[in-house]
Amino acid sequence: MIQIVEGFGVFLILTGGIMAVISAIGILRLPDVYTRSHAATKSSTLAVLLSLLGTFIYFWAAEQFISVRLLLGITFVFLTAPVSGHLITRAAYRSKVKLAESSTEDALAEVLGNPGRQEKKKPSSSDNEEK
Amino acid sequence: MMEIVLTIALSLYILAILLALYRIIRGPSMPDRVVALDMIGVNLISAVAVFSVALSTHAFLEVILIVGILAFISTIALARFVERGEIVEHDSDR
């Protein structure tokens, strides 16, 4: 019975590793920083939650050790990953990083008056675009 | 059996860190690099957890909290630096 629960924890860790590789493929292949932050925050958070939960279950089954630090780590990552993703995306939009060519609508362009649609018509080099 | 699965999981996390490192080196703008750095921090937490399972010790569990807090604070500071050009604002009337 104990070995079944340990195997379940290790299976959760392996699933987390597969999710981490999927989100890394997403951060390589998606076209601009806004879509890349989807891959970096959502699926990467799922990967770290799965691996920490697997570690918690493994230690609970193997040594009857309930680790409060692992629970705190799960809570902290679950709280802070969306906040940091939102802040870096907001900073990217404020510092006029352009959208991808295939994006169809920029809902903030008429409110804040920058980058998306205006700069797609006349491509001028902004400061943060080194390509 | 269990060691083989843990080794596979650890090498998957290392593969994810290497792919994010390619995005840091290549990435066209500054927020791309910050997003990839945040992702490296999150994957490093997972790698430390897998490592402590593989060695079956409790000694590395503090590292998870410390790396998580450091990754969050550094991402906040870098986002503020990208947005405003400074991290700590000195004029207090804003």
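Attention here is on the structure that accompanies the text. These figures come from a predicted structure and were not determined experimentally.

## Observations regarding the overall build of chain B
Here is step 1 of the chain: Counting its secondary structure elements, chain B contains 3 helices and 0 strands.
Here is step 2 of the chain: Element order for chain B, N to C, with α for helix and β for strand: α-α-α.
Here is step 3 of the chain: Counting over 94 residues, chain B shows a buried share of 45%.
Here is step 4 of the chain: Within chain B, contacts between residues separated by at least 24 positions form 44% of all contacts whose residues are at least 6 apart in sequence.
Here is step 5 of the chain: Put simply, chain B shows about 5000 Å² of open surface, and 72% of that area lies on carbon and sulfur atoms.
Here is step 6 of the chain: Mean positive and mean negative side-chain charge positions of chain B (6 and 9 charges, respectively) differ by 10 Å.

## What about the interface of chain B and chain A?
Here is step 1 of the chain: Listed by partner, the interface residues are 46 residues for chain B and 51 residues for chain A.
Here is step 2 of the chain: For the chain B and chain A pair, buried surface summed over both sides reaches about 4200 Å², with 75% attributable to carbon and sulfur atoms.
Here is step 3 of the chain: Inspection of the region where chain B meets chain A yields 4 salt bridges.
Here is step 4 of the chain: Taken together, chain B and chain A are joined by 10 residue pairs in polar contact (both at pLDDT 80 or more).
Here is step 5 of the chain: Counting only elements with at least two residues in the side of chain B that touches chain A, the list comes to helix H1 (2–26), helix H2 (30–55) and helix H3 (61–84) of chain B.
Here is step 6 of the chain: No other element matches the 17 residues that H2 of chain B contributes to the side of chain B that touches chain A.

## What about the side chain of Arg23 of chain B?
Here is step 1 of the chain: Assignment of secondary structure puts Arg23 of chain B in helix H1.
Here is step 2 of the chain: Here Arg23 of chain B occupies a buried position and makes no salt bridge, while the nearest side chain of opposite charge, Asp32 of chain B, is found at 5.6 Å.
Here is step 3 of the chain: Discounting chain neighbours no more than four positions away, the residues touching Arg23 of chain B are Ile27, Leu28 and Arg36 of chain A together with Pro28, Asp32 and Ala36 of chain B.

Basis of the calculations
- Residues numbered from 1 in each chain as written.
- Chains lettered and ligands numbered in written order.
- Predicted model: local features only at pLDDT ≥ 70, side-chain atom pairs only at ≥ 80, totals over all residues.
- Heavy atoms only, no water.
- Helix = DSSP H or I, 4+ residues; strand = E, 2+ residues; numbered from the N terminus.
- Buried < 20%, exposed > 50% of the residue type's maximum accessible area, 1.4 Å probe, protein only.
- Contact = heavy atoms within 4.5 Å.
- Areas by Shrake-Rupley, 256 points an atom, 1.4 Å probe, with all protein chains shown as cover.
- Lys, Arg positive; Asp, Glu negative; His and termini not counted.
- Charge placed at Lys NZ, Arg CZ, Asp CG, Glu CD.
- Buried area = accessible area lost by both parts, 1.4 Å probe.
- Salt bridge = Lys/Arg side-chain N within 4 Å of Asp/Glu carboxyl O.
- Polar contact = N/O pair within 3.5 Å; in protein donor to acceptor, adjacent residues only side chain to side chain.

The values reported here are purely geometric and, on their own, carry no functional implication.
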